[in-house]
Amino acid sequence: MSLRQTSVRRADLPRNRSLGIFGLIIAPFLIIGCQNTNSSPMTDQGEGMIPDITELGSLKPMNEPYVALVRHSFSEIGRDFDPYITKDSMNIVYASTSHSEKADIYFKKANGKVIEQVTHTPNASEKQPQLSPDGNSIIFASDREGKWNIYETSFRNRGSRILEVVNNGRVNEQPCYSPDGRDIAYSTWIPRKGQWYIATMNRRTQQERLYGPGIFPKYSPDGKKILFQRPRTRSPQWFSIWVLNLETENVSEIVSNNNWAAVTPNWSPDSKKIIFAAINKSIHNNGPHAGDDIYTIWEDGTHMVRLTNDDAPDWNPIWSESGRIYFVSRRNGHQNIWSLKPRDM
């Protein structure tokens, strides 16, 4: 279907309301992985280096779809979440509540233990960081002005100056740079519709476009499409995964099921595959507040493969340029960032 640009009036914050399964699922995922206004996720500080990734991982039997499972963050107090992997696959930017009940943004070497704190706002939370394509800035969501909005700070000078990026009077979250850095995509709450919409904004002109309901937008690496999740407006209200073609403005549903939800989707580096977490699909279902396992699927909706099969929840995956897949997991009893290497993808 074709979606036109929509103008939306300035409006207040969303009010609490009952949303059934949709409400149960969206609340935690707006706080953790594309991740809740009142919750806070975080990480532990340490020093020294850990062994090389090929030495650290536990090699799985040949019938497993991955090898070399590696733990990259080590908080035992608070939670680590919203990982973003730099293009060289050497560094991780993420959110954590390891030092405060309010989340801040952190940076670390993927194979190290030393962490750097990028933001420090004791009375506000920051989440959903992403590094700009040129590596100079970090964009993220924060409630530092009383409601969630999108901000940007210098990566080189680590939070020296924090600027508000979107000024539309609404609640905005889940920012994402386009591959050329000229635009950003994000989710914006439309009070008169009672829904989150996918929006884009040109950085130079500040022109905003709305494309219809959805959350967790992610530009494809080639910049031609936006991946996102959207719930049904009828029962069962499970999330499914959609792709927006930016040239035609057509949207296509890629993953959908009547019995489980597909959430926190992301692209493979070649734009041909999609990675996501499922809710209520696994035999060790963890409820609506975290994913069950991580799956991949081709963009045409075929060849779905389950990558993880652990009793603990796994969600919020991101596919790095090196081919490793990073994700959030509670498999060690703490919420940390892990990665694995798919065998044949």
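**A word on the pairing of strand 4 (residues 104–109)**
(1) Moving on: Burial analysis of strand 4 places five of its six residues in the buried class, the great majority of the element.
(2) Moving on: In terms of strand pairing, strand 3 (residues 91–96) meets strand 4 through six bridges, oriented antiparallel. Residue pairing in the sheet places Ser96 in a bridge with Asp104 of strand 4.
(3) Moving on: Pairing geometry for strand 4 and strand 5 (residues 115–117), over three bridges, is antiparallel. Across the sheet, residue Tyr106 finds its bridge partner in strand 5, namely Gln117.
(4) Moving on: Counted between consecutive antiparallel strands, the loop separating strand 4 from strand 5 contains five residues.

**Brief notes about the sheet that holds strand 10 (residues 172–177)**
Note: strands within a sheet are paired through backbone hydrogen bonds, in either parallel or antiparallel orientation.
(1) Moving on: Spatially, the four strands line up as an open sheet ordered 10-11-12-13, and their pairing is antiparallel. Two strands close off the open sheet at either side, each with one partner strand: strand 10 and strand 13 (208–213). Here the average twist between neighbouring strands, direction ignored, is 25°.
(2) Moving on: Of the strand pairs in this sheet, strand 11 (residues 183–190) and strand 12 (residues 195–202) are connected by eight bridges, and their pairing is antiparallel. The residue bridging Trp189 from the neighbouring strand is Trp196, located in strand 12.

**Side note on the environment of Thr188**
(1) Moving on: With respect to the helices and strands, the residue Thr188 is situated in strand 11.
(2) Moving on: With 18 residues separating them in the primary sequence, Thr188 and Arg170 have C-alpha atoms 6.7 Å apart.
(3) Moving on: If near-sequence neighbours (up to four positions away) are discounted, Thr188 is found in contact with Asn168, Arg170, Val171, Asn172, Gln195, Trp196, Tyr197, Ala199 and Leu210.

**Examining the side chain of Ser220**
(1) Moving on: Position of Ser220 among the secondary structure elements: in the loop between strand 14 (215–219) and strand 15 (225–231).
(2) Moving on: Accessibility expressed as a relative area gives 1% for Ser220, which makes it buried.

**Observations concerning the nonpolar core**
Buried together is how nonpolar side chains tend to be arranged in soluble globular proteins.
(1) Moving on: Of all hydrophobic cores here, the largest spans 47 residues; its most connected members are Ile92, Ile138, Tyr326 and Leu340.
(2) Moving on: Listed in part, the 13 residues of the second largest apolar core include Ile254, Val255, Trp260 and Phe276.

**Considerations on the sheet that holds strand 16 (residues 239–245)**
(1) Moving on: Strand order in this open sheet of four strands is 14-15-16-17, and the pairing throughout is antiparallel. Looking at the sheet topology across the chains shown, the edges are occupied by strand 14 and strand 17 (251–255). Neighbour-to-neighbour, the strand axes of this sheet turn through a mean angle of 30°, independent of strand direction.
(2) Moving on: Two strands pair when backbone bridges link them, and strand 14 and strand 15 are joined in this way by three bridges, in the antiparallel orientation. Paired with Ile215 across the strands is Gln229, a residue of strand 15.

Calculation notes
- As a convention, each chain's residues are numbered from 1 in the sequence order in which they are written.
- In view of the model being predicted, local features appear only for residues whose pLDDT reaches at least 70, and side-chain atom pairs are presented and counted only at 80 or more, with totals across whole chains, interfaces and linings using the full set of residues.
- Heavy atoms from the whole structure form the basis of all side-chain values; hydrogens and water molecules are not counted.
- Each residue gets one of three labels from its accessible area relative to the maximum for its type: buried under 20%, exposed over 50%, partly exposed in between, using a 1.4 Å probe on protein chains only.
- Strands here are runs of E lasting at least two residues and helices are runs of H or I lasting at least four, both read from the DSSP assignment and numbered beginning at the N terminus.
- Only strands that DSSP links by at least two bridges are regarded as paired with each other.
- For helices, the fitted line uses only the C-alpha atoms of the stretch in contact; every axis is such a line through C-alpha atoms, and the angle between N-to-C directions lies from 0 to 180 degrees.
- In this analysis, two residues are considered to be in contact whenever any of their non-hydrogen atoms come within 4.5 Å of each other.
- Note on terminology: a nonpolar core comprises buried Ala, Val, Leu, Ile, Met, Phe, Trp, Tyr and Cys residues joined through side-chain atoms within 4.5 Å.

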